[in-house]
Amino acid sequence: MAQNGLASRLYNGEAGLNIVGRRKLWFGVAGVLVLIAILSFSIRGFSLGIEFAGGNSFQVPASVGTLDDAEREVNSALAAENTGIEVVTAQKVGGTGGDSYELRTGQLSAEQATAVKAQIAEDLGIDEGQISNNQVSEAWGSQVTERAVLGLVIFIALVMVYLILRFEWRMAVAAVSSLIMNLLLTAGIYSLVGFEVTPSTIIGFLTILGFALYDVVVVFDKVQENTRGITANNNQTYGEAANLAVNQSLMRSLNTSVVALLPVGGLLFIGAGLLGAGTLKDLGLVLFVGMAVAFLTSILVATPLLALLKNYDPRIQAHNKRVLTRRGAIARGEVTGKGAASPAQADVTDEPLDPDAAALAGAAPKVGARPAGKRPTGARGGRPGGGGNRPGGAKRR
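Here's a quick rundown of the structure.

1. Notes on the nonpolar core
Here's step 1: Core analysis: the biggest nonpolar cluster contains 58 residues, and Leu163, Met171, Phe220, Val223, Tyr238, Ile299 and Leu306 have the highest contact counts within it.
Here's step 2: For this core, the secondary-structure elements that each account for two or more residues are helix 2 (23-43), helix 6 (138-166), helix 7 (169-193), helix 8 (199-227), helix 9 (238-274) and helix 10 (279-310).
Here's step 3: Sorting elements by how many residues they give to this core places helix 10 first, with 14 residues.
Here's step 4: Formed by 18 residues, the second largest nonpolar core is a distinct cluster that contains Ala62, Val116, Ala121 and Ile131.

2. Things to note about the packing of helix 7 against helix 8
Here's step 1: Running from N to C, helix 7 and helix 8 point in directions that differ by 145 degrees, and their axes come no closer than 10 Å. Both helix 7 and helix 8 take part in a crossing whose hand is right-handed. Across from Met171, Ala174, Ala175, Ser178, Leu179, Asn182, Leu183, Thr186, Ala187 and Tyr190 in helix 7, the residues of helix 8 making contact are Thr201, Phe205, Ile208, Leu209, Ala212, Leu213, Val216, Phe220, Val223 and Gln224.
Here's step 2: In terms of residue class, the contact of helix 7 with helix 8 is made up of 15 nonpolar, 5 polar and no charged.

3. Observations regarding the pattern of salt bridges
Here's step 1: A full pass over the atoms with the stated rule returns 7 salt bridges.
Here's step 2: Across the salt bridge formed by Lys310 and Glu168, the nearest N and O atoms sit 3.2 Å from each other. One end of the pair, Lys310, is in helix 10; the other, Glu168, is in the loop between helix 6 and helix 7, and 142 residues separate them in sequence.
Here's step 3: Relative accessible area serves as the criterion here: at 19%, Glu168 is assigned to the buried category.
Here's step 4: The salt bridge involving Arg327 is made with Glu240; its shortest N-O contact spans 2.7 Å.

4. Some thoughts on a nonpolar patch on the surface
Here's step 1: Residues Leu25, Val29, Val32, Leu33, Ile36, Ile189, Leu192 and Val193 make up a contiguous nonpolar surface patch of about 640 Å² in total accessible area.
Here's step 2: Among the elements of the structure, helix 2 and helix 7 are those that each provide at least two residues to the nonpolar patch.
Here's step 3: The dominant element in the nonpolar patch, judged by the number of residues it contributes, is helix 2, at 5 residues.

5. Some thoughts on helix 4 (residues 67-80)
Here's step 1: The terminal C-alpha atoms of helix 4, which comprises 14 residues, lie 20 Å apart, in line with the 20 Å expected from a rise of 1.5 Å per residue.
Here's step 2: Asn82, located one to two residues past helix 4, shows a positive phi value of around 55 degrees.

6. Let's talk about the sheet that holds strand 3 (residues 87-93)
Here's step 1: In space, the 4 strands of this open sheet follow the order 3-4-2-5, with antiparallel pairing throughout. Each edge of the open sheet carries a strand with a single partner, namely strand 3 and strand 5 (132-136). The mean inter-strand angle of the sheet, taken between neighbouring strand axes irrespective of direction, is 20 degrees.
Here's step 2: Note: strand 2 (residues 55-61) against strand 5, 5 bridges, orientation antiparallel. Pairing of Phe58 across the sheet is with Asn133, part of strand 5.
Here's step 3: Seen against the sheet, helix 5 (residues 110-124) touches strand 2 and strand 5 and runs at an angle of roughly 25 degrees to strand 2.

Rules behind the numbers
Residues numbered from 1 in each chain as written. Predicted model: local features only at pLDDT ≥ 70, side-chain atom pairs only at ≥ 80, totals over all residues. Heavy atoms only, no water. Core = buried A, V, L, I, M, F, W, Y, C linked by side-chain atoms within 4.5 Å. Buried < 20%, exposed > 50% of the residue type's maximum accessible area, 1.4 Å probe, protein only. Helix = DSSP H or I, 4+ residues; strand = E, 2+ residues; numbered from the N terminus. Axes fitted to C-alpha atoms, helices over the stretch in contact; angles between N-to-C directions. Left-handed = near helix turned anticlockwise from the far one by under 90°. Contact = heavy atoms within 4.5 Å. Nonpolar A, V, L, I, M, F, W, Y, C, P; charged D, E, K, R; others polar. Salt bridge = Lys/Arg side-chain N within 4 Å of Asp/Glu carboxyl O. Patch = residues over 30% accessible without salt bridge, like charges linked within 9 Å, V, L, I, M, F, W, Y side chains within 5 Å. Areas by Shrake-Rupley, 256 points an atom, 1.4 Å probe, with all protein chains shown as cover. Expected span 1.5 Å × (residues − 1). Pairing = 2+ DSSP bridges.

See the structure below:
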């Protein structure tokens, strides 16, 4: 019984999950999620870090107490100077001079920053020289964003060229659409939850593109293998062959995603959560969310979209009609056939049965059949003219 379980059937590619056939459902869900993400961009926006919004950062020695103690004292100093600003983020950082706490606030004027620094030193009972104060301009974050967008455009262009050369343009369009949806959904999660966007987040966004592309290429390679020469037989539509490829590569994609998410999860939950390494939080968070979304989009969006695009190809349309017409004739008992797909597999196509395709089905030669026509003449093809006489010879007695 254990050998027939879902895990075993997934591993052997025999689960028979109808993923491509339910593409309308996946596209509908993806469309709703993208709409929610866009609305979140427009209404809520993003929680920008100090590098993008601009602000000040204060570093105090970790010997003053806990991180909460340092944050409380800095907030008290900000309130005492009537700045109307609070600590935005606080984290523990290491350095050559020992550990320290970095506390980031909103934008302060030079006079306010000097006064707050003096107040913090007085409240903590330390020398003012032990506190460092840095001001970050939002112009630096704008430059990072521009370079990231430029890198994204170059990456997508190179991916399109590679996929067109490696596969075909329809696969390139489906893969890039999946990548863009991955970015939109990941950014939407950041906007909805209110995760802070930092330069590490931008780097993480560019990193997950490579993982998402790898996942899509693995599935498309199997799709290409299953659909090579598919129009030469009448047993399987393109959608069914693509759906079989998804089932056969599903366990591999799942294993790859789990193996990739485990170290990223350790980086996020152990490094940033338990050990308090705040610098790892931004990078680990975007990698964890992006990789999880990439697995779903590569399976539920990329391949169904590819099948939809291929169904607009006249050759594939004619092939699908032949398959469906033959299958309908077999179901009515008009003809008998071997290797016909089961009714469950037939649901994968999502294509209506066209009675006018009967002529195409009847005209299509069977795989391996010789072309119709006159039998060749000659020593191997049949008897030569003249009643079997040899040319120019006499009859045998």
